[in-house]
Amino acid sequence: MNPFKKFAILIISSTLPICPAITIANESSDNPAYRPTLNPVEFRPATHHDSVALVRDGKPIAVIVVARDMLAQSTSVPMVAAHEFNGHLKLATGVTLPIVGDHNAPEHGTLLLIGRSDLTRRLGLNPGNLPPEGFEVQTFASDGLRGMAVIGDDTDITRMQFTTHGDIANRAILFGVYDVLERFLDVRWYYPGPDGRV
C-alpha cells in the first residue's frame, strides 16, 4: 500500500538542530508511513484520492514547483530543498524531476510543491501558523492537479547560509523534505559525506 494515498503528516520541530522536539499524537504502527526509528509525527486522514507517484517506469511523471520569487535564488531554502530532494530521488530511481516556478506550473498532472506559493494558496494548502521550523506534508487532488506539498514555517527563507554556528536560515522546508526522503524513500544519513548516506 502506498503511504502517500491515505495520510498527511504534520511534524513540529524545535530550533535545535541536534535534538528536535516533536509533538506526538496518534502515531500508530498500523499506519504504513509509521517508522519507529524516525521522529514521531501526527498522522491525520487525508482527503480520498488515488496514490501519488512521482516516477513511473524510469521516467519522471511529476514536476517540482517552488514560489516564483524563490526560483531565481539558488540559495533560497525552497531551492536547496528541491535540489536535495532531486539528488536523492536520482540516487533512488535514476530520475530527476523538472523544477519550475508556480507561475509556470502545469495546469494538470502531478506536482511536488515545496514551500508556500500562490499555487499552494490557490489549492487551499495552508497549514496555518506553524511553530518555528515546523512543517506539514500534505497530499492533494484538486482541479486536475494532484501531488504532495511540503510546506514549512517560511520566515527567513531567502538564503541558506552556513557559518561555524550552523545555518542562520529557517530550515523547516528542508526538514520536511528530509522527512519525506526518510519516511518514503528510506534514505538515511549516518554521518556526513556520500559514504554516510544509505
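Here we summarise the structure given alongside this text.

Calculation notes
Sequence order as written defines residue numbering, which begins from 1 separately in each chain. Note on the predicted model: pLDDT of at least 70 is required for a residue's local features to be given, and 80 or more for side-chain atom pairs to be given and counted; whole-chain, interface and lining totals, by contrast, use all residues. Side-chain numbers come from the whole structure's heavy atoms, not from hydrogens or water. Helix and strand labels come from DSSP, where a helix needs a run of H or I of at least four residues and a strand needs a run of E of at least two; each type is numbered from the N terminus. Here, expected helix span is obtained from the residue count minus one, scaled by 1.5 Å. Accessible area is worked out with a 1.4 Å probe on protein chains only. A residue is then buried under 20% of its type maximum, exposed over 50%, and partly exposed in between. By definition, residues are in contact when any of their heavy atoms lie within 4.5 Å. Each axis is a line fitted through C-alpha atoms, and for a helix only the stretch in contact is used; angles between axes span 0 to 180 degrees, taken between their N-to-C directions. For classification purposes, angles smaller than 35 degrees are called roughly parallel, those larger than 145 roughly antiparallel, those between 65 and 115 roughly perpendicular, and all remaining angles oblique. Whether a crossing is left-handed or right-handed is set by the direction in which the near helix is turned from the far one by less than a right angle, anticlockwise for left-handed and clockwise for right-handed. Polar here means any residue other than Ala, Val, Leu, Ile, Met, Phe, Trp, Tyr, Cys and Pro, which are nonpolar, and Asp, Glu, Lys and Arg, which are charged; Gly is therefore polar. Residues enter patches when they are more than 30% accessible in relative terms and free of salt bridges; like-charged ones are connected within 9 Å and nonpolar ones (Val, Leu, Ile, Met, Phe, Trp, Tyr) within 5 Å. The Shrake-Rupley method, run with a 1.4 Å probe, gives the accessible areas here. Residue values count only the displayed protein chains as cover. By definition here, a salt bridge exists when the distance from a side-chain nitrogen of Lys or Arg to a carboxyl oxygen of Asp or Glu is within 4 Å. Two strands are said to pair when DSSP picks up at least two bridges between them.

Turning next to helix α2 (residues 77-93). Taking 1.5 Å of rise per residue, the 17 residues of α2 would be expected to cover 24 Å, and the 24 Å separating its terminal C-alpha atoms lies within 8% of that figure. Residues of α2 that are buried include every one of Val77, Pro78, Met79, Ala81, Ala82, Phe85, Asn86, His88 and Leu89, and no others. Close packing links the buried residues of α2 with β3 (55-56), β5 (62-66), α1 (68-71), β6 (99-101), β7 (109-114) and α4 (172-185). Within two residues after α2, Gly94 carries a phi angle of roughly 85 degrees, on the positive side.

What follows concerns the packing of α2 against α4. The interhelical angle for the contact between α2 and α4, taken along N-to-C directions, is 15 degrees, at an axis separation of 8 Å. When the axis of α2 is compared with that of α4, the two are roughly parallel. With respect to the hand of their crossing, α2 and α4 are arranged in right-handed fashion. Here Val77, Pro78, Val80, Ala81, Glu84, Phe85, His88, Leu89 and Ala92 of α2 lie close against α4, whose contacting residues are Ile173, Leu174, Val177, Tyr178, Val180, Leu181 and Leu185. By residue class, the composition of the contact of α2 with α4 is 14 nonpolar, one polar and one charged.

A separate point is unusual backbone geometry. Located in the positive-phi region is Asp57, a residue other than glycine, with phi close to 55 degrees. Positionally, Asp57 belongs in the loop between β3 and β4 (59-60).

Quick look at a nonpolar patch on the surface now. Where nonpolar side chains cluster on the molecular surface, the patch consists of Tyr190, Tyr191 and Val198 and spans about 390 Å² of accessible area. With respect to the helices and strands, the residue Tyr191 is situated in the segment after α4.

Our focus in this paragraph is the pattern of salt bridges. Inspection of the entire model under this criterion finds two salt bridges. Across the pair Arg183 and Asp179 runs a salt bridge whose closest N-O atoms are separated by 3.1 Å. Placement of both Arg183 and Asp179 in helix α4 is noted, with a separation of four residues, approximately one turn of the helix. Both residues of the pair, Arg183 and Asp179, count as buried.

Moving on: the environment of Leu123. One can find Leu123 in the loop between α3 (118-122) and β8 (135-142). A relative accessible area of 13% places Leu123 in the buried class. When the C-alpha atoms of Leu123 and Phe140 are compared, they prove to be 8.4 Å apart, with 17 residues separating the residues in sequence. Dropping the residues within four chain positions of it, Leu123 is found in contact with Leu113, Phe140, Ser142 and Leu145.

With that out of the way, let us pick up the pairing of β7. Most of β7 sits inside the fold, with five of its six residues counted as buried. By the bridge criterion, six bridges tie β7 to strand β9 (residues 145-152) in an arrangement that is parallel. When the sheet's bridge partners are listed, Leu113 is paired in β9 with Ala149.

A few words now on the environment of His108. On the secondary structure map, His108 appears in the loop between β6 and β7. By relative accessible area, which is 59% here, His108 ends up exposed. For the pair His108 and Asp143, spaced 35 residues apart in sequence, the C-alpha separation works out to 7.8 Å.

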